[in-house]
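Structural characterization, general
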Amino acid sequence: MRNKATRHQNRRKGRFRCCSISSFLTLAIAGLSPTASNAYTAAGDRNFPANLILPQIAPTDALWVDFSTQPMTNGGQTLLTVNYSKLLTERLGIQIEEGIAWKPSGTRAQNFNMLLQDEVILDQSREFLFSVQVGHSFGASTSPPSPVTTPAVTFGKGLGDLPIGYWRPLAITGYAGYQAAEGARTDVFQAGMSVQYSIPYLLSKVGNIDLPPFLRGVTPVTEVLFTTPIGHAYGRIIDTTLLVAPGIGYSRGRGWELGISALIPTTKATGTGIGVIAQLVIQLDYLLPDSVVGRPVFRPTELP
Amino acid sequence: MFGVLFAVFGLTPWPGQATAMPAGTVIGVNGSCTDHGRVLNRGDIVQIGDTLNVPAGGNLKLQMADRSVVSLAPDSIMTVTSYGVGGSGRDVRLSLTQGVLRANVTSVGGPSTFEVLTAAGTASLASESADWFVKAQPVAVQVGVLAGSIDLTSAATGQSVSIPAHWGTRLETGLDPVLPRIWAQKEFNAVTNLTGVEH
């Protein structure tokens, strides 16, 4: 889904001097977005909800569907994306993504993306995790194909270990990646962060507050995604983009999670109007815990 | 011998259980584990209403009337509040005051209730059978599930979560349960080691 958001931005920002190649470049830059991976994850008692425009901060066994729509200079764009994430080990996972885009110019498949992600640090007591990843977008939906490779890092940090009372449900997640394009296309640096306040964490770790049932599962989240071109411009102007996505995640720990956010472009290059994105996450590791789709392929030795 | 005892005494209808009824048999013991001050040995019968005390460095393993196996880690105190098993089903309540308990609960015909009560809340069997841990701490309880499914309900708020196999969670006294998460194998191995008994 972050892919989609990024694509929104990049398509808008791609106001190239060379009109004859604008379409090609737009699609190429669209492919530069990091592979989306927006399921849930946890560190200790901290459950990080699914990000909607930023990547997942750790690998998982999950399936999720994103739907987004946003006004653009040349009309609206609607995206439907399906992601599947599979753990190979407890810390290492792969992810694939495919989708459909509806635009005024027609309907087409999105670029096929793959991601390999490794959770290298998991500190349960400090509610902290850090992952490294490398994603590849095959760019097959463009002509000619515009593949890109994106090494990146992600992290999540809950503030529950700090003596800050009712601020303890706060958490932040972050992302930084470098999209290296193949051929005569501009590389792009991307970075983003989210700030979230978990009501489930508030009720389970901080205080017993009487709230309506729906609110007990809500986590307000605001995500911000920033992109800027790096290196050789190949005679084109590619603007920096900044997208803000305030919204909520909803989970009661029953194997699914729902998220919805507004997509607010903050610069002309980012977009022309407010869009919306929604996401449903199916936690396969929760719903099918004993099956091969719900458990890592390779697992440590279990004691009897 | 104990099978006969269970057949005669243990397989009673579970409604209206009386105390001083056989609930299980000691099948493994390390250290000076006691039952109301009486030192337990392998083969001893544990009755409904008994409070079992496992000292530091000790372990205790019980074969229960329904063939379930309950293991207690060092520094654990557990009371067999009720243990009714019969043709009409199962109704079991264990109170864990402190320490770690592992319950490998078998499947039985009919309605089944298998609960472990702690100060913070109650962990109850939500599937036909399960293999699970309960760790009772002064202000919290932690539950990890190796197989099956367990519900954890807060005594204070009544809110509950369902914990599937390979997941676990925590409940602090007076609050809602924390949303479950996957437990790493090393977390399970740690509690498995705690409740292991050398025969």
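Model, not experiment: these values are computed from the prediction. (Residues numbered from 1 in each chain as written. Chains lettered and ligands numbered in written order. Predicted model: local features only at pLDDT ≥ 70, side-chain atom pairs only at ≥ 80, totals over all residues. Heavy atoms only, no water.)

Moving on: the overall build of chain B. Within chain B, the regular secondary structure consists of 2 helices and 17 strands. Within chain B, the proportion of its 199 residues that are buried is 55%. Taking contacts inside chain B between residues at least 6 apart in sequence as the whole, the part at least 24 apart equals 44%. Total accessible area on chain B is roughly 7,400 Å²; 55% of this is exposed by carbon and sulfur atoms. (Helix = DSSP H or I, 4+ residues; strand = E, 2+ residues; numbered from the N terminus. Buried < 20%, exposed > 50% of the residue type's maximum accessible area, 1.4 Å probe, protein only. Contact = heavy atoms within 4.5 Å. Areas by Shrake-Rupley, 256 points an atom, 1.4 Å probe, with all protein chains shown as cover.)

Interface size is often expressed as the accessible area that is lost when the parts come together. On the side of chain A, 30 residues touch chain B, which itself brings 27 residues to the contact. Carbon and sulfur atoms supply 52% of the area that chain B and chain A bury against each other, a total of about 2,400 Å² over both sides. Our count for the chain B to chain A interface comes out at 3 salt bridges. For Arg-216 of chain A, the salt bridge identified is with Asp-176 of chain B, shortest N-O distance 2.9 Å. Inspection of the region where chain B meets chain A yields 12 residue pairs in polar contact (both at pLDDT 80 or more). Residue assignment for the side of chain B that touches chain A shows that the elements contributing at least two residues are β15 (160–163), β16 (167–172), β17 (181–182) and α2 (185–195) of chain B. Top contributing element to the side of chain B that touches chain A by residue count: α2 of chain B, with 5 residues. For the side of chain B that touches chain A, the class distribution of residues is 11 nonpolar, 10 polar and 6 charged. (Buried area = accessible area lost by both parts, 1.4 Å probe. Salt bridge = Lys/Arg side-chain N within 4 Å of Asp/Glu carboxyl O. Polar contact = N/O pair within 3.5 Å; in protein donor to acceptor, adjacent residues only side chain to side chain. Nonpolar A, V, L, I, M, F, W, Y, C, P; charged D, E, K, R; others polar.)

Before going further, it helps to spend a moment on helix α3 (residues 199–206) of chain A. Of all 8 residues that make up α3 of chain A, 7 are buried, and the element is covered over most of its length. With a side-chain oxygen lying 3.0 Å from the backbone nitrogen of Tyr-201 of chain A, the N-terminal cap of α3 of chain A falls on Ser-198 of chain A.

Counting residues in hydrophobic clusters, the biggest one holds 44 residues, and the most contacted among them are Met-78, Tyr-83, Leu-94, Phe-114 and Trp-132 of chain B. By residue number, the principal contributor to this core is strand β9 (residues 89–105) of chain B, which donates 6 residues. Other than its neighbours up to four places away in sequence, Trp-132 of chain B contacts Leu-101, Arg-102, Ala-103, Val-105, Phe-114, Val-116, Ala-123, Gly-144, Val-145, Leu-146 and Ile-150 of chain B. Membership of the second largest hydrophobic core comes to 8 residues, among which are Ile-53, Leu-54, Leu-225 and Ile-277 of chain A. (Core = buried A, V, L, I, M, F, W, Y, C linked by side-chain atoms within 4.5 Å.)

Okay, the confidence of the model for chain B next. Of the residues in chain B, 88% have a pLDDT of 70 or more, and the chain-wide mean is 89. Model confidence for the complex: the whole-complex pTM is 0.86, and ipTM, which rates the interface, is 0.86. (pLDDT = per-residue confidence, 0-100.)

A separate point is the layout of surface pockets. The method is simple in principle: a probe with the dimensions of a water molecule rolls over the atoms, and the space it marks as empty is what remains. When its volume is computed, the largest pocket comes out at roughly 750 Å³. Looking at the largest pocket, it is lined by 49 residues, and the ones nearest its centre are Thr-41 and Ala-42 of chain A together with Arg-181, Ile-182 and Trp-183 of chain B. When residues of the lining of the largest pocket are traced back to their parent elements, those giving at least two are β1 (41–43), β7 (113–123), α3, β13 (241–250) and α4 (284–287) of chain A together with β17 and α2 of chain B. At 4 residues, α2 of chain B tops the list of elements feeding residues into the lining of the largest pocket. Of the residues in the lining of the largest pocket, the class split is 22 nonpolar, 15 polar and 12 charged. (1 Å grid on protein atoms, 1.4 Å probe; cavity = no way out; pocket = protein on both sides within 12 Å on 5 of 7 lines; lining within 4 Å. Points joined across faces, edges and corners; volume = space filled by probe spheres on them.)

With that settled, consider the pattern of salt bridges. Residue and element names in this part refer to chain B. Applying the stated criterion across every chain, the model contains 17 salt bridges over all chains. Arg-38 is paired through a salt bridge with Asp-35; the nearest N and O atoms lie 3.1 Å apart. Of the residues examined, Asp-35 reaches a relative accessible area of 3% and is grouped as buried. Of the charged contacts, one joins Asp-91 and Arg-93 as a salt bridge, the two residues approaching to 2.9 Å between their closest N and O atoms. Under the relative-accessibility criterion, Arg-93 is labelled partly exposed at 29%.

Residues and elements named next belong to chain A. Note that strand β4 (residues 75–87) and strand β5 (residues 92–103) share 10 bridges and pair antiparallel. Paired with Val-82 across the strands is Glu-98, a residue of β5. Between β4 and β5, which pair antiparallel and follow one another directly, the connecting turn spans 4 residues. Both β5 and β7 contribute to a ladder of 6 bridges, which runs antiparallel. Paired with Glu-97 across the bridge in β7 is Asn-113. Pairing of β5 with strand β6 (residues 106–109) involves 4 bridges; the strand directions are antiparallel. Among the inter-strand pairings, Trp-102 is bridged to a residue of β6, identified as Thr-107. Connecting the antiparallel pair β5 and β6 is a turn made up of 2 residues. (Pairing = 2+ DSSP bridges.)

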